[in-house]
Amino acid sequence: MPVYLQAGLWGLVAGGMLVVGAAIAWLLRVPRLVVATVMAFGSGVLFSALAFDLVDEAERSGGLTATLIGLAGGAAVYVAANAVLNRRGAARRKSSGEEQSSEQDQAGSGTAIAVGALLDGIPESVVLGLSLLGGHGVGVPVLAAIAISNLPEGLSSSAGMKANGRSARYVFGVWVSIAVASGLAGLLGCLLLDGAADATISVITAVAAGAILTMVADTMIPEAYARTHLLTGLVVTLGFITAFALTRS
């Protein structure tokens, strides 16, 4: 199978965890504390993947300066896009309760939440696709980190959507669309950058990593802390340890 198709497939698999989380939230009443705990764990896993896989690889292949510029640029772009979406009703899109905006609260919030979820997921799929360009197969720690973090994201956001009266058609339409978009992002990232200079891939990887890091800090950690409080740091650290051990096994 061509590498770009592998990238698309793995992006679809990782994005599919959002749909799995949505299905769990729609069919079962999962305690918010459990959702927050899994989200904190997923945050720790992503932190580890960023530190020991994405950023490290970007620095080794493209140099420190390019990596730092990419990280800052990715963070800045994410913050700017997130600020626009937040003003349109997507501020608490990962909340599992009624804190999410409904259409009654703010017209157009459903679209903003959907676009916000897409904004959160695309950088992850791009770096997943780029991890295949080295010819060593998919980066297992990165794939695990994205999949583990996507499950509570889909679960929590979908629970909030359901609590605000959004239909099953809307909920599953959002997550299936994002799963497909994740696959396409992985495929295109791999296809368009195949043969690109190491410095180019390094900068793009760093940009995506900066966006992911900012997303975790801005959306995942606050929602996790809202329920787990003093346990948040411990659970995040356990997620970090798990992913770190995976990279060294």
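Quick summary incoming for the structure in this document.

Analysis parameters
Residues numbered from 1 in each chain as written. Predicted model: local features only at pLDDT ≥ 70, side-chain atom pairs only at ≥ 80, totals over all residues. Heavy atoms only, no water. Helix = DSSP H or I, 4+ residues; strand = E, 2+ residues; numbered from the N terminus. Rg over C-alpha atoms; globule rule 2.2 N^0.38 Å. Contact = heavy atoms within 4.5 Å. Areas by Shrake-Rupley, 256 points an atom, 1.4 Å probe, with all protein chains shown as cover. Expected span 1.5 Å × (residues − 1). Buried < 20%, exposed > 50% of the residue type's maximum accessible area, 1.4 Å probe, protein only. Arc of directions from axis to C-beta. Salt bridge = Lys/Arg side-chain N within 4 Å of Asp/Glu carboxyl O. Core = buried A, V, L, I, M, F, W, Y, C linked by side-chain atoms within 4.5 Å.

## Some remarks on the overall build of the protein chain
For the protein chain, the count of helices and strands is eight helices and zero strands. The helix and strand sequence of the protein chain, counted from the amino end, reads α-α-α-α-α-α-α-α. The C-alpha radius of gyration of the protein chain comes to 17 Å, within 12% of the 18 Å expected for a compact globule of 249 residues. For the protein chain, the spread of C-alpha atoms along the three principal axes comes to 50 × 35 × 35 Å. Partitioning the contacts of the protein chain with sequence separation of at least 6, the portion at a separation of at least 24 is 83%. With the model as given, the accessible surface of the protein chain reaches about 10,900 Å², and the carbon-plus-sulfur share is 69%.

## Some words on helix α8 (residues 232–248)
The terminal C-alpha atoms of α8, which comprises 17 residues, lie 25 Å apart, in line with the 24 Å expected from a rise of 1.5 Å per residue. All buried positions along α8 are accounted for by Thr-232, Val-235, Val-236, Gly-239 and Ala-243. The buried residues of α8 occupy an angular sector of 105° when the element is viewed end-on, so they sit on one face. Seen from the buried face of α8, the exposed residues on the opposite side, beyond 90 degrees, are Leu-234 and Arg-248. Structurally, α8 contributes buried residues whose contacts are with α2 (32–62) and α7 (198–228).

## Structural notes on the pattern of salt bridges
If charged atoms from side chains of opposite charge come close, those side chains can pair. Inspection of every chain in the model, using the stated rule, returns two salt bridges. Glu-57 is paired through a salt bridge with Arg-60; the nearest N and O atoms lie 2.8 Å apart. Remark: Arg-60 and Glu-57 occur in helix α2; sequence separation between them is three residues, near one turn of the helix. Overall, Arg-60 belongs to the exposed group, its relative accessible area being 57%.

## Topic: the nonpolar core
Note that soluble globular proteins tend to have their nonpolar side chains buried in a common cluster. Of all hydrophobic cores here, the largest spans 26 residues; its most connected members are Leu-46, Leu-54 and Ile-212. Among the elements of the structure, α2, α4 (109–130), α5 (140–163), α7 and α8 are those that each provide at least two residues to this core. Looking at which element gives the most residues to this core, the answer is α7, with eight residues. Dropping the residues within four chain positions of it, Ile-212 is found in contact with Leu-46, Leu-50, Leu-54, Pro-123, Glu-124 and Val-127. In terms of nonpolar packing, the next biggest core, distinct from the first, is built from 12 residues, Leu-18, Ala-90, Ala-117 and Met-161 among them.

## What to know about unusual backbone geometry
You will see that His-229, though not glycine, has its phi angle at about 50°, which is positive. By relative accessible area, His-229 is classed as partly exposed at 41%.

## As for the side chain of Asn-82
For Asn-82, the location among the structural elements is in helix α3 (residues 64–90). When near neighbours in sequence (up to four residues on either side) are disregarded, Asn-82 contacts Arg-93, Leu-119 and Asp-218.

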